[in-house]
Amino acid sequence: GDSVTQTEGQVALSEEDFLTIHCNYSASGYPALFWYVQYPGEGPQFLFRASRDKEKGSSRGFEATYDKGTTSFHLRKASVQESDSAVYYCALVPASSGSWQLIFGSGTQLTVMP
Amino acid sequence: GPKVLQIPSHQIIDMGQMVTLNCDPVSNHLYFYWYKQILGQQMEFLVNFYNGKVMEKSKLFKDQFSVERPDGSYFTLKIQPTALEDSAVYFCASSGLGFSYEQYFGPGTRLTVL
């Protein structure tokens, strides 16, 4: 079945560091790809999405580019802040099966130290 | 941004009892979802609901589970009877039309089955 893999379970950075969280997917066709962020005690919040090859999604300084060739949607931010500390989820909605369920990766806990 | 509300935030019940989890979705959304997250594990899709009907469900959506949204009021998830393995945080989500539309999540209901 379709799946999402996030290789980093935890990332620890200092303020102003560059962030990369890796996301690879396995799905047929062109699934919609998403990044969500979850703060303690809250549900996941939509960050941005991309639906086509080479499309870039971005929000709040975070960005990711849909890459069909490498089946990736890596999250990047040039300069992280302490307030970015949260769990980040990569997710997809399958394109071809008529399914609208979000399939989540395992999540990456980002901790940013002042 | 748009808010999804969930009531209650925490529910503790004895195994075998019935429980109803309530969700107040974003007002103009048409699609409703339930997801389950066991502590420390991945977020997993349970069911989605549109126009009064279950559109798709996962194998986690056991026969003891049911969903409804009577007369446009709360979107509910009922579990009858509950089992120990139902202990988890249940997240409700809603979305507009289209598979690439973002889903908005509530803060979750933590269900503890004793």
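Structure shown above.
Positions within a chain are numbered from 1, following the residues in the order the chain's sequence is written. All chains are assigned letters beginning with A, and all ligands numbers beginning with 1, in the order in which they are written. The predicted origin of the model limits local features to residues at a pLDDT of at least 70 and limits the giving and counting of side-chain atom pairs to 80 or more, whereas totals for whole chains, interfaces and linings rest on all residues. Side-chain descriptors were evaluated using all non-hydrogen atoms of the structure, hydrogens and water having been removed beforehand.

1. Regarding the overall build of chain B
Per the secondary structure count, chain B includes 0 helices and 11 strands. Each helix is a run of H or I in the DSSP string that is no shorter than four residues. Each strand is a run of E no shorter than two, and both are numbered from the N terminus. What you see in chain B, going N to C, is helices and strands ordered as β-β-β-β-β-β-β-β-β-β-β. Atoms counted for the radius of gyration: C-alpha only. Globule rule: 2.2 Å times the number of residues to the power 0.38. Relative to its length of 114 residues, chain B is compact, with a C-alpha radius of gyration of 13 Å against a globular reference of 13 Å. Overall size of chain B, expressed as C-alpha extent along the three principal axes, is 40 × 25 × 25 Å. Relative accessibility thresholds used throughout: buried, under 20% of the residue-type maximum; exposed, over 50%; partly exposed, between the two (1.4 Å probe, protein chains only). Expressed as a percentage of its 114 residues, the buried residues of chain B come to 46%. Partitioning the contacts of chain B with sequence separation of at least 6, the portion at a separation of at least 24 is 54%. Computed with a 1.4 Å probe, the accessible areas rest on the Shrake-Rupley method; for each residue, only the protein chains presented here act as cover. With the model as given, the accessible surface of chain B reaches about 5,800 Å², and the carbon-plus-sulfur share is 51%. Computing the positive centroid from 9 side-chain charges and the negative centroid from 10, chain B places the two 2 Å apart. Only heavy atoms matter for contacts: two residues are in contact if any of them lie within 4.5 Å across the pair. Charged residues are defined narrowly, with Lys and Arg counted positive, Asp and Glu counted negative, and His plus the chain ends left uncounted. By convention, charge coordinates are those of NZ in Lys, CZ in Arg, CG in Asp, or CD in Glu.

2. Side note on the environment of V47 of chain B
All names here are of chain B. For V47, the position within the fold is in strand β5 (residues 43-50). With a relative accessible area of 0%, V47 lands in the buried category. C-alpha separation for the pair V47 and F65, spaced 18 residues apart in sequence, amounts to 9.8 Å. If we ignore the near neighbours within four places in the chain, the residues touching V47 are F32, Y33, W34, V54, E56, K57, F61 and V67.

The analysis is restricted to geometry; functional conclusions fall outside its scope.
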